[in-house]
Amino acid sequence: MKKLINDPADVVSEALLGMAAAHPDRLRVDHENRIVYRKEAPRPGKVGLISGGGSGHEPLHGGFVGLGMLDAACAGEVFTSPVPDQMMAATKAVDTGAGVLHIVKNYTGDVMNFEMAAELAAADTGTEVLSVVTNDDVAVQDSLYTAGRRGVGVTVLLEKIVGAAAEEGRSLQEVADLARKVNDNGRSMGMALTSCTVPAAGKPTFDLAETEMELGIGIHGEPGRRRLPLAPAREIASLLVDPVLSDLPYGQGDSVIAFVNGLGGTPLLELYLMYNEVAQLLDRAGITVARSLVGNYITSLEMAGCSVTLLKVDDELVRLWDAPVNTPGLRWGA
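Residues numbered from 1 in each chain as written. Predicted model: local features only at pLDDT ≥ 70, side-chain atom pairs only at ≥ 80, totals over all residues. Heavy atoms only, no water.

Between its first and last C-alpha, helix 1 (residues 11-22) extends 16 Å over twelve residues, near the 16 Å set by a 1.5 Å rise per residue. All buried positions along helix 1 are accounted for by V12, L16 and M19. Seen along its axis, helix 1 keeps its buried residues to an arc of 55°; they face one direction. Tucked inside the fold, the buried residues of helix 1 contact strand 1 (27-30), strand 2 (35-38), strand 3 (48-55) and strand 4 (72-78). (Helix = DSSP H or I, 4+ residues; strand = E, 2+ residues; numbered from the N terminus. Expected span 1.5 Å × (residues − 1). Buried < 20%, exposed > 50% of the residue type's maximum accessible area, 1.4 Å probe, protein only. Arc of directions from axis to C-beta. Contact = heavy atoms within 4.5 Å.)

Here it is as C-alpha coordinates:
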(Lines give C-alpha, C1' and ligand atoms only; values in the text may rest on other atoms or scores of the structure.)
Protein backbone atom coordinates (compact mmCIF):
# COMPACT_ATOMS: atom_id res chain seq x y z
CA MET A 1 0.00 0.00 0.00
CA LYS A 2 1.48 3.34 -1.09
CA LYS A 3 -0.38 6.29 0.42
CA LEU A 4 0.46 9.75 1.75
CA ILE A 5 -0.53 8.93 5.31
CA ASN A 6 1.00 8.61 8.75
CA ASP A 7 -1.07 6.02 10.60
CA PRO A 8 -4.12 4.42 8.92
CA ALA A 9 -6.10 4.97 12.12
CA ASP A 10 -5.55 8.74 11.90
CA VAL A 11 -6.32 9.38 8.24
CA VAL A 12 -9.72 11.03 8.71
CA SER A 13 -8.83 13.17 11.73
CA GLU A 14 -5.60 14.38 10.12
CA ALA A 15 -7.36 15.12 6.81
CA LEU A 16 -9.88 17.26 8.71
CA LEU A 17 -7.00 19.13 10.34
CA GLY A 18 -5.67 19.81 6.87
CA MET A 19 -9.04 20.96 5.58
CA ALA A 20 -9.37 23.41 8.46
CA ALA A 21 -5.85 24.72 7.85
CA ALA A 22 -6.42 25.09 4.10
CA HIS A 23 -9.77 26.89 4.26
CA PRO A 24 -9.92 29.06 7.40
CA ASP A 25 -11.77 31.74 5.42
CA ARG A 26 -14.68 29.43 4.64
CA LEU A 27 -14.78 26.57 7.13
CA ARG A 28 -14.57 25.70 10.79
CA VAL A 29 -14.20 22.12 11.95
CA ASP A 30 -15.47 20.48 15.11
CA HIS A 31 -12.66 17.95 15.41
CA GLU A 32 -14.17 16.13 18.38
CA ASN A 33 -17.34 15.32 16.46
CA ARG A 34 -15.75 15.36 12.98
CA ILE A 35 -18.17 17.92 11.59
CA VAL A 36 -17.31 20.53 8.97
CA TYR A 37 -19.29 23.78 9.31
CA ARG A 38 -19.47 27.03 7.44
CA LYS A 39 -17.22 29.59 9.05
CA GLU A 40 -20.02 32.11 9.54
CA ALA A 41 -22.80 31.51 12.05
CA PRO A 42 -26.08 30.12 10.67
CA ARG A 43 -28.30 32.86 9.25
CA PRO A 44 -31.58 33.30 11.15
CA GLY A 45 -34.56 32.16 9.11
CA LYS A 46 -32.52 30.06 6.67
CA VAL A 47 -33.19 26.34 6.36
CA GLY A 48 -30.13 24.38 7.48
CA LEU A 49 -28.70 21.80 5.09
CA ILE A 50 -26.56 18.95 6.32
CA SER A 51 -25.21 15.82 4.73
CA GLY A 52 -22.45 13.37 5.42
CA GLY A 53 -21.17 9.89 4.94
CA GLY A 54 -18.05 7.82 4.99
CA SER A 55 -14.77 9.53 4.19
CA GLY A 56 -12.89 8.62 1.03
CA HIS A 57 -15.31 10.34 -1.37
CA GLU A 58 -13.79 13.81 -1.18
CA PRO A 59 -14.66 16.52 -1.96
CA LEU A 60 -18.06 15.03 -1.07
CA HIS A 61 -19.31 16.09 1.51
CA GLY A 62 -17.08 18.40 3.52
CA GLY A 63 -15.77 20.09 0.39
CA PHE A 64 -19.30 21.26 -0.41
CA VAL A 65 -19.83 23.18 2.83
CA GLY A 66 -20.16 26.91 2.29
CA LEU A 67 -22.19 29.63 0.61
CA GLY A 68 -24.73 28.15 -1.78
CA MET A 69 -24.41 24.55 -0.63
CA LEU A 70 -24.27 22.81 2.75
CA ASP A 71 -24.21 24.29 6.24
CA ALA A 72 -22.54 21.23 7.73
CA ALA A 73 -21.17 17.82 6.79
CA CYS A 74 -20.46 14.85 9.06
CA ALA A 75 -17.42 12.69 8.31
CA GLY A 76 -17.38 8.99 9.12
CA GLU A 77 -14.43 6.68 8.95
CA VAL A 78 -13.40 5.65 5.43
CA PHE A 79 -16.43 4.13 3.68
CA THR A 80 -18.28 4.01 7.03
CA SER A 81 -21.34 6.03 7.99
CA PRO A 82 -21.09 8.78 10.60
CA VAL A 83 -22.82 7.98 13.87
CA PRO A 84 -26.14 9.49 15.00
CA ASP A 85 -24.47 11.66 17.67
CA GLN A 86 -22.48 13.47 14.96
CA MET A 87 -25.56 14.08 12.87
CA MET A 88 -27.60 15.24 15.85
CA ALA A 89 -24.89 17.73 16.88
CA ALA A 90 -24.75 19.12 13.33
CA THR A 91 -28.54 19.33 13.12
CA LYS A 92 -28.83 21.27 16.35
CA ALA A 93 -25.94 23.58 15.42
CA VAL A 94 -27.37 24.72 12.06
CA ASP A 95 -31.01 25.06 13.15
CA THR A 96 -32.06 28.70 13.44
CA GLY A 97 -35.77 28.01 13.68
CA ALA A 98 -36.54 27.34 10.01
CA GLY A 99 -35.82 23.62 10.23
CA VAL A 100 -33.12 21.36 8.82
CA LEU A 101 -32.95 19.21 5.70
CA HIS A 102 -30.91 16.01 5.81
CA ILE A 103 -29.50 15.00 2.41
CA VAL A 104 -28.79 11.29 2.61
CA LYS A 105 -27.26 8.92 0.06
CA ASN A 106 -29.10 5.61 -0.05
CA TYR A 107 -26.72 3.43 1.94
CA THR A 108 -28.17 1.45 4.81
CA GLY A 109 -25.94 2.89 7.54
CA ASP A 110 -26.40 6.49 6.39
CA VAL A 111 -30.18 6.17 6.18
CA MET A 112 -30.53 4.49 9.57
CA ASN A 113 -28.19 6.87 11.39
CA PHE A 114 -29.69 10.04 9.90
CA GLU A 115 -33.17 8.81 10.86
CA MET A 116 -32.01 8.25 14.44
CA ALA A 117 -30.37 11.69 14.52
CA ALA A 118 -33.54 13.39 13.31
CA GLU A 119 -35.56 11.68 16.05
CA LEU A 120 -33.01 12.60 18.71
CA ALA A 121 -32.85 16.24 17.61
CA ALA A 122 -36.62 16.55 17.54
CA ALA A 123 -36.92 15.05 21.01
CA ASP A 124 -34.09 17.16 22.45
CA THR A 125 -34.77 20.60 20.98
CA GLY A 126 -37.92 20.30 18.89
CA THR A 127 -35.99 20.84 15.65
CA GLU A 128 -38.09 20.13 12.58
CA VAL A 129 -36.17 17.82 10.27
CA LEU A 130 -37.04 16.53 6.82
CA SER A 131 -34.91 14.04 4.91
CA VAL A 132 -34.35 13.36 1.23
CA VAL A 133 -32.63 10.16 0.16
CA THR A 134 -30.76 10.12 -3.16
CA ASN A 135 -30.96 6.90 -5.18
CA ASP A 136 -29.91 7.72 -8.74
CA ASP A 137 -27.64 4.77 -9.62
CA VAL A 138 -29.27 2.68 -12.35
CA ALA A 139 -26.59 -0.04 -12.22
CA VAL A 140 -28.15 -2.37 -9.66
CA GLN A 141 -31.32 -2.53 -7.60
CA ASP A 142 -29.66 -3.76 -4.40
CA SER A 143 -26.02 -3.94 -3.34
CA LEU A 144 -23.77 -4.80 -0.42
CA TYR A 145 -24.57 -1.46 1.21
CA THR A 146 -28.14 -0.72 0.15
CA ALA A 147 -31.70 -1.81 -0.16
CA GLY A 148 -32.71 -0.23 -3.43
CA ARG A 149 -30.61 1.92 -5.69
CA ARG A 150 -27.43 3.61 -4.50
CA GLY A 151 -27.08 7.37 -4.09
CA VAL A 152 -24.22 8.71 -6.21
CA GLY A 153 -23.62 11.64 -8.60
CA VAL A 154 -27.02 13.32 -8.29
CA THR A 155 -26.11 14.02 -4.65
CA VAL A 156 -23.56 16.63 -5.78
CA LEU A 157 -25.98 18.36 -8.14
CA LEU A 158 -28.76 18.25 -5.54
CA GLU A 159 -26.61 19.84 -2.83
CA LYS A 160 -25.78 22.71 -5.19
CA ILE A 161 -29.31 23.35 -6.44
CA VAL A 162 -31.01 22.94 -3.08
CA GLY A 163 -28.30 25.02 -1.43
CA ALA A 164 -29.15 27.93 -3.74
CA ALA A 165 -32.84 27.60 -2.90
CA ALA A 166 -32.12 27.66 0.83
CA GLU A 167 -30.04 30.82 0.36
CA GLU A 168 -33.13 32.45 -1.19
CA GLY A 169 -35.04 31.87 2.03
CA ARG A 170 -37.40 29.12 0.88
CA SER A 171 -39.25 27.12 3.52
CA LEU A 172 -38.19 23.68 4.71
CA GLN A 173 -41.02 22.00 2.81
CA GLU A 174 -40.19 23.91 -0.36
CA VAL A 175 -36.53 22.99 -0.12
CA ALA A 176 -37.37 19.32 0.51
CA ASP A 177 -39.80 19.23 -2.41
CA LEU A 178 -37.13 20.70 -4.67
CA ALA A 179 -34.61 18.11 -3.48
CA ARG A 180 -37.02 15.30 -4.33
CA LYS A 181 -37.61 16.84 -7.76
CA VAL A 182 -33.87 16.82 -8.44
CA ASN A 183 -33.46 13.24 -7.26
CA ASP A 184 -36.45 12.06 -9.30
CA ASN A 185 -35.05 13.63 -12.49
CA GLY A 186 -31.46 12.38 -12.24
CA ARG A 187 -29.81 9.08 -13.11
CA SER A 188 -26.22 7.83 -12.93
CA MET A 189 -24.00 4.93 -13.97
CA GLY A 190 -20.32 4.29 -13.21
CA MET A 191 -17.44 2.04 -14.18
CA ALA A 192 -14.03 1.17 -12.75
CA LEU A 193 -10.66 0.40 -14.30
CA THR A 194 -9.00 -0.42 -10.97
CA SER A 195 -9.92 -1.11 -7.37
CA CYS A 196 -9.12 1.15 -4.45
CA THR A 197 -7.38 0.42 -1.15
CA VAL A 198 -8.97 1.36 2.16
CA PRO A 199 -6.10 2.45 4.46
CA ALA A 200 -7.21 0.25 7.35
CA ALA A 201 -7.39 -2.81 5.07
CA GLY A 202 -4.05 -2.27 3.36
CA LYS A 203 -4.98 -4.19 0.22
CA PRO A 204 -7.27 -3.61 -2.79
CA THR A 205 -10.99 -4.01 -2.16
CA PHE A 206 -11.35 -6.30 -5.18
CA ASP A 207 -9.20 -7.76 -7.95
CA LEU A 208 -9.52 -6.51 -11.51
CA ALA A 209 -7.22 -7.77 -14.23
CA GLU A 210 -5.32 -5.35 -16.48
CA THR A 211 -7.56 -6.34 -19.38
CA GLU A 212 -10.87 -5.98 -17.48
CA MET A 213 -13.26 -3.26 -16.35
CA GLU A 214 -16.21 -3.34 -13.94
CA LEU A 215 -19.44 -1.84 -15.29
CA GLY A 216 -21.84 -0.42 -12.73
CA ILE A 217 -19.33 -0.20 -9.89
CA GLY A 218 -20.38 1.34 -6.56
CA ILE A 219 -18.44 4.10 -4.84
CA HIS A 220 -17.30 1.67 -2.11
CA GLY A 221 -16.17 -0.91 -4.64
CA GLU A 222 -19.47 -2.78 -4.61
CA PRO A 223 -19.86 -5.14 -7.59
CA GLY A 224 -21.59 -3.73 -10.63
CA ARG A 225 -23.69 -5.21 -13.41
CA ARG A 226 -20.92 -7.21 -15.02
CA ARG A 227 -17.21 -7.48 -15.66
CA LEU A 228 -16.17 -6.87 -19.26
CA PRO A 229 -13.03 -6.75 -21.38
CA LEU A 230 -11.48 -3.29 -21.48
CA ALA A 231 -12.93 -1.22 -24.34
CA PRO A 232 -12.27 2.14 -26.05
CA ALA A 233 -13.70 5.25 -24.41
CA ARG A 234 -16.47 5.67 -27.00
CA GLU A 235 -17.78 2.19 -26.21
CA ILE A 236 -17.54 2.77 -22.46
CA ALA A 237 -19.46 6.05 -22.85
CA SER A 238 -22.25 4.22 -24.63
CA LEU A 239 -22.33 1.51 -21.95
CA LEU A 240 -22.85 4.25 -19.34
CA VAL A 241 -25.13 6.64 -21.19
CA ASP A 242 -27.56 4.18 -22.79
CA PRO A 243 -28.86 2.70 -19.50
CA VAL A 244 -29.17 6.19 -18.02
CA LEU A 245 -31.15 7.53 -20.98
CA SER A 246 -33.53 4.58 -21.04
CA ASP A 247 -34.21 4.53 -17.31
CA LEU A 248 -35.88 7.90 -16.65
CA PRO A 249 -36.40 8.00 -19.63
CA TYR A 250 -34.80 11.02 -21.26
CA GLY A 251 -36.01 12.03 -24.70
CA GLN A 252 -35.50 14.31 -27.65
CA GLY A 253 -35.85 17.96 -26.66
CA ASP A 254 -34.89 17.45 -23.02
CA SER A 255 -32.27 19.68 -21.41
CA VAL A 256 -29.82 18.24 -18.92
CA ILE A 257 -26.90 18.97 -16.67
CA ALA A 258 -24.28 16.48 -17.87
CA PHE A 259 -21.85 15.45 -15.14
CA VAL A 260 -18.80 13.30 -15.90
CA ASN A 261 -17.25 12.45 -12.56
CA GLY A 262 -13.86 10.92 -11.84
CA LEU A 263 -13.56 8.29 -9.13
CA GLY A 264 -10.24 9.63 -7.86
CA GLY A 265 -7.55 8.00 -9.99
CA THR A 266 -8.44 9.11 -13.51
CA PRO A 267 -6.78 12.27 -14.87
CA LEU A 268 -8.77 15.21 -16.21
CA LEU A 269 -7.32 14.55 -19.65
CA GLU A 270 -9.27 11.29 -19.80
CA LEU A 271 -12.37 12.72 -18.13
CA TYR A 272 -12.65 15.45 -20.75
CA LEU A 273 -12.14 12.85 -23.45
CA MET A 274 -15.01 10.88 -21.92
CA TYR A 275 -17.15 14.01 -21.71
CA ASN A 276 -16.68 14.53 -25.45
CA GLU A 277 -17.98 11.03 -26.11
CA VAL A 278 -20.94 11.60 -23.77
CA ALA A 279 -21.77 14.94 -25.40
CA GLN A 280 -21.81 13.34 -28.85
CA LEU A 281 -24.18 10.61 -27.67
CA LEU A 282 -26.52 13.20 -26.16
CA ASP A 283 -26.44 15.29 -29.33
CA ARG A 284 -27.41 12.27 -31.42
CA ALA A 285 -30.29 11.59 -29.00
CA GLY A 286 -31.58 15.15 -29.44
CA ILE A 287 -30.79 16.09 -25.83
CA THR A 288 -29.48 19.59 -25.07
CA VAL A 289 -26.68 20.03 -22.54
CA ALA A 290 -27.74 23.10 -20.57
CA ARG A 291 -24.78 22.92 -18.19
CA SER A 292 -21.86 20.56 -17.63
CA LEU A 293 -19.55 19.51 -14.82
CA VAL A 294 -16.35 17.50 -15.31
CA GLY A 295 -13.93 16.46 -12.58
CA ASN A 296 -13.44 14.52 -9.36
CA TYR A 297 -16.40 15.41 -7.13
CA ILE A 298 -17.61 12.12 -5.63
CA THR A 299 -14.64 9.79 -5.48
CA SER A 300 -13.67 6.36 -4.26
CA LEU A 301 -10.18 6.98 -2.87
CA GLU A 302 -7.73 6.30 -5.74
CA MET A 303 -10.05 4.17 -7.88
CA ALA A 304 -9.59 4.74 -11.62
CA GLY A 305 -12.81 5.10 -13.55
CA CYS A 306 -15.71 7.46 -13.97
CA SER A 307 -19.44 7.90 -13.70
CA VAL A 308 -21.97 9.74 -15.84
CA THR A 309 -24.88 11.59 -14.28
CA LEU A 310 -27.66 13.27 -16.24
CA LEU A 311 -30.13 15.60 -14.55
CA LYS A 312 -33.16 16.71 -16.54
CA VAL A 313 -33.56 20.44 -15.90
CA ASP A 314 -35.97 23.28 -16.47
CA ASP A 315 -35.33 27.02 -16.29
CA GLU A 316 -35.68 27.08 -12.50
CA LEU A 317 -33.11 24.34 -11.94
CA VAL A 318 -30.64 25.98 -14.32
CA ARG A 319 -31.04 29.32 -12.53
CA LEU A 320 -30.38 27.69 -9.17
CA TRP A 321 -27.39 25.81 -10.59
CA ASP A 322 -25.95 29.13 -11.82
CA ALA A 323 -26.46 30.88 -8.47
CA PRO A 324 -23.29 31.87 -6.56
CA VAL A 325 -21.43 29.15 -4.67
CA ASN A 326 -18.29 29.37 -2.57
CA THR A 327 -17.06 26.05 -1.19
CA PRO A 328 -13.69 24.27 -1.35
CA GLY A 329 -15.09 21.89 -3.96
CA LEU A 330 -17.25 24.20 -6.10
CA ARG A 331 -16.93 27.94 -6.59
CA TRP A 332 -18.40 30.43 -9.04
CA GLY A 333 -20.22 33.76 -9.01
CA ALA A 334 -19.12 34.61 -5.47
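That shown, we press on.
Moving on, we come to the domain arrangement of the protein. Entries for the protein in the domain assignment read domain 1 (14-185) and domain 2 (186-312). With centres defined by C-alpha atoms, the gap from domain 1 to domain 2 works out at 24 Å. Across the contact, 31 residues belong to domain 1 and 34 residues belong to domain 2. For the pair domain 1 and domain 2, the two sides together bury roughly 2,500 Å², of which 65% comes from carbon and sulfur. A salt bridge links D247 to R149, with the nearest nitrogen and oxygen atoms 2.7 Å apart. Where domain 1 touches domain 2, the interface holds 17 residue pairs in polar contact (both at pLDDT 80 or more). Every element with two or more residues in the side of domain 1 that touches domain 2 is listed here: helix 4 (154-167) and helix 5 (172-184). Sort the elements by how many residues they give to the side of domain 1 that touches domain 2 and helix 4 lands first, with four residues. (Domains from an automatic or database assignment. Buried area = accessible area lost by both parts, 1.4 Å probe. Salt bridge = Lys/Arg side-chain N within 4 Å of Asp/Glu carboxyl O. Polar contact = N/O pair within 3.5 Å; in protein donor to acceptor, adjacent residues only side chain to side chain.)

A few words on the side chain of E277. Following the sequence through the fold, E277 ends up in helix 7 (residues 268-284). No salt bridge forms around the buried E277; measuring N to O, its nearest opposite-charge neighbour R234 is 4.3 Å away. In contact with E277, not counting residues within four places along its chain, are A233, R234 and A237. (Lys, Arg positive; Asp, Glu negative; His and termini not counted.)

Time to look at the sheet that holds strand 9 (residues 226-229). One open sheet accounts for six strands, arranged 9-8-7-12-10-11; its pairing is mixed. Edge positions in the open sheet fall to strand 9 and strand 11 (288-295), since each of these has one partner strand only. Averaged over all pairs of adjacent strands, the angle between their axes in this sheet comes to 20°, without regard to strand direction. Along the sheet, helix 8 (residues 315-322) contacts strand 10 (255-262), strand 11 and strand 12 (305-312); its crossing angle with strand 11, the most-contacted strand, is approximately 35°. (Pairing = 2+ DSSP bridges. Axes fitted to C-alpha atoms, helices over the stretch in contact; angles between N-to-C directions.)

The next point concerns the nonpolar core. Membership of the largest hydrophobic core comes to 61 residues, with the highest contact counts inside it found for L101 and I161. Looking at this core element by element, the count peaks at nine residues for helix 4. Taken domain by domain, the makeup of this core includes at least three residues from each of domain 1 (14-185) and domain 2 (186-312). Filtering out sequence-adjacent residues up to four positions away, I161 remains in contact with L178, V182, I257, L311, L317, L320 and W321. One finds A139, A231, V241 and L271 within the second-largest nonpolar core, a separate group that totals 31 residues. (Core = buried A, V, L, I, M, F, W, Y, C linked by side-chain atoms within 4.5 Å.)

When two helices pack together, you describe them by how their axes are tilted relative to each other and by the distance separating the axes. Where helix 5 meets helix 8, the closest approach of the two axes is 12 Å, and the angle between their N-to-C directions is 105°. Classified by the interaxial angle, the pair formed by helix 5 and helix 8 is roughly perpendicular. Of the residues in helix 8, those in contact with L178, K181 and V182 of helix 5 are E316, L317 and L320. The residue inventory of the contact of helix 5 with helix 8, partitioned by class, reads four nonpolar, no polar and two charged. (Parallel < 35°, antiparallel > 145°, perpendicular 65-115°, else oblique. Nonpolar A, V, L, I, M, F, W, Y, C, P; charged D, E, K, R; others polar.)

A few words now on a nonpolar patch on the surface. On the surface, M112, M116 and L120 cluster together to form a nonpolar patch covering roughly 260 Å² of accessible area. One can find L120 in helix 3 (residues 108-125). (Patch = residues over 30% accessible without salt bridge, like charges linked within 9 Å, V, L, I, M, F, W, Y side chains within 5 Å. Areas by Shrake-Rupley, 256 points an atom, 1.4 Å probe, with all protein chains shown as cover.)

Turning our attention to the packing of helix 6 (residues 233-247) against helix 7. Packing of helix 6 against helix 7 brings their axes to within 9 Å, and their N-to-C directions diverge by 50°. By the angle between their axes, helix 6 is oblique relative to helix 7. Handedness of the crossing formed by helix 6 with helix 7: right-handed. Along the contact surface, helix 6 presents A233, R234, I236, A237, S238, L240, V241 and L245, while helix 7 presents L273, M274, E277, V278, L281 and L282. Class assignment for the residues of the contact of helix 6 with helix 7 results in eleven nonpolar, one polar and two charged. (Left-handed = near helix turned anticlockwise from the far one by under 90°.)

For the rest of this paragraph, the subject is the pairing of strand 6 (residues 129-134). Here six bridges tie strand 5 (residues 100-105) to strand 6, and the two strands are oriented parallel to one another. Residue pairing for strand 6: I103 is matched across the bridge by V132. Note on the crossover from strand 5 through helix 3 to strand 6: the handedness is right-handed. (Right-handed = clockwise from strand over helix to strand, strands pointing away.)

Another point: the pattern of salt bridges. Summed over the entire model, instances satisfying the criterion amount to 23 salt bridges. The partner of D110 in a salt bridge is K105, with the nearest N and O atoms 3.7 Å apart. Classification of D110 as buried rests on a relative accessible area of 5%. You can call K105 buried: its relative accessible area is 2%. For the salt bridge of R291 with D322, the shortest nitrogen-to-oxygen distance reads 2.6 Å. Of this pair, R291 sits in strand 11 while D322 sits in helix 8, and the two are 31 residues apart along the sequence. Overall, the relative accessible area of 35% leaves D322 in the partly exposed class. Overlapping salt bridges bring together R38, E40, R43, K46, D71 and E167 as one network.

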